[in-house]
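# Examination of the molecular architecture
The primary structure of each chain is shown beneath.
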Amino acid sequence: MHIDLNSDLGESYGSWSMGNDEQILPIVSSANIACGFHAGDPLHILKTLKQAAQFNVNVGAHVAYPDLVGFGRRKMALSYDELLADVLYQISALHGLAHVAGTRVRYVKPHGALYNTIATDLNQAQAVIDAILQFDADLTLVALAGSPLIDFAQKQGLSVVSEAFADRAYHDDGSLVSRHETGAVLHDAEIVAQRVLDMILKGGIESIEGKFTPIQADTICLHGDTMGAVQLATVIRQALTENQIEVRAFCM
């Protein structure tokens, strides 16, 4: 058995340091690297790309709404043309820096509010899909497991990977519990590691309502900026190893 582990990286900006990129990269197989719209500046993005290349970790464009102040977590009512151009701009920027760093962009994972919005809002999703198809139809889209976006994008010829979150609570319908609610983010490493094993071995986890919720995941996100992120990632990786589950990138 195998699973991809991904993490959101390259999010430091100027003198503001965020995440644990150097400690997380040896643990994961895919790195979602900020493109400057929600976080990240050219210096830190390039540094993270070089580190990802060093550890042979796959690179993805972590595209977002143009929302530095809100860290990309505020929904924006952009027009189709605006969102299409924004996504194209971000993929293009990361593609250029990745080339210099000795690696390349293999997939696209939307961030924050954009990620959650296009999971169900297929009008905004169309702009993101078209941007990917126009830039490089061989790129893979990472989407929320169980969301309408997966089938919608696949029908248009995109390769899509289903994603689950190690440290986030879920409702029984498979949606993520809002970060504004108590218990939305989990911090106990042993509990989180067991939930990851349950996703892989049992095909689901217990929802916040206490019911078993099926979740089909090809990749699991380990947030690099949450409290105790490195310890959490280390315990998860160890649990996978102990259960003979290989950590392997979804696009080779």
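Here the structure is a predicted model, which is why all the values come from computation and not from measurement.

Another point: the pattern of salt bridges. Scanning the entire structure with this criterion turns up eight salt bridges. Close ionic contact of Lys109 with Glu163 constitutes a salt bridge, the shortest N to O distance being 2.7 Å. With Lys109 in the loop between strand S4 (105-108) and helix H4 (112-118) and Glu163 in strand S6 (residues 159-165), this pair connects stretches of sequence that are 54 residues apart. The pair Lys109 / Glu163 is uniform in exposure class, with both members buried. The salt bridge involving Asp151 is made with Lys155; its shortest N-O contact spans 3.1 Å. A cluster of three or more residues bridged by salt bridges with shared partners is formed by Asp8, Lys109 and Glu163.

A contiguous nonpolar patch, built from Tyr13, Trp16 and Leu68 and spanning about 310 Å² of accessible area, is present on the exposed surface. The topology assignment puts Tyr13 in the loop between strand S1 (2-9) and helix H1 (21-24). For Tyr13, a relative accessible area of 39% gives the class partly exposed.

For the structure on display, the rule yields one cavity of 30 Å³ or more. Looking at the largest cavity, the residues that line it are Ala166, Asp167, Leu222, His223, Ala229, Leu232, Ala233 and Ile236. Classifying every residue of the lining of the largest cavity gives six nonpolar, one polar and one charged.

On the secondary structure map, Phe165 appears in strand S6. When the C-alpha atoms of Phe165 and Ala61 are compared, they prove to be 18 Å apart, with 104 residues separating the residues in sequence. In contact with Phe165, other than residues within four places in its own chain, are Lys109, Tyr115, Leu144, Tyr170, Leu176, Met199, Ile220, Cys221 and His223.

On to the packing of aromatic side chains. For the coordinates displayed, the defined rule picks out three aromatic pairs. Each ring, one from Phe37 and one from Tyr89, has its centre 5.8 Å from the other, and the planes form 40 degrees; the classification is tilted. Here Tyr89 lies in helix H3 (residues 80-101) and Phe37 lies in the loop between strand S2 (30-34) and helix H2 (42-54), a separation of 52 residues in the sequence. The exposure class assigned to Phe37 is buried, which follows from its relative accessible area of 15%. Plain terms: the ring middles of Tyr115 and Phe165 are 5.7 Å apart, the flat faces sit at 90 degrees to each other, and that makes the pair edge-to-face. Remark: Phe165 occurs in strand S6 and Tyr115 occurs in helix H4; sequence separation between them is 50 residues. Phe165 carries the same exposure label as Tyr115, and that label is buried.

Cut-offs and rules
Residues numbered from 1 in each chain as written. Predicted model: local features only at pLDDT ≥ 70, side-chain atom pairs only at ≥ 80, totals over all residues. Heavy atoms only, no water. Salt bridge = Lys/Arg side-chain N within 4 Å of Asp/Glu carboxyl O. Helix = DSSP H or I, 4+ residues; strand = E, 2+ residues; numbered from the N terminus. Buried < 20%, exposed > 50% of the residue type's maximum accessible area, 1.4 Å probe, protein only. Patch = residues over 30% accessible without salt bridge, like charges linked within 9 Å, V, L, I, M, F, W, Y side chains within 5 Å. Areas by Shrake-Rupley, 256 points an atom, 1.4 Å probe, with all protein chains shown as cover. 1 Å grid on protein atoms, 1.4 Å probe; cavity = no way out; pocket = protein on both sides within 12 Å on 5 of 7 lines; lining within 4 Å. Points joined across faces, edges and corners; volume = space filled by probe spheres on them. Nonpolar A, V, L, I, M, F, W, Y, C, P; charged D, E, K, R; others polar. Contact = heavy atoms within 4.5 Å. Phe/Tyr/Trp six-rings, centres within 6.5 Å; stacked < 30°, edge-to-face > 60°.

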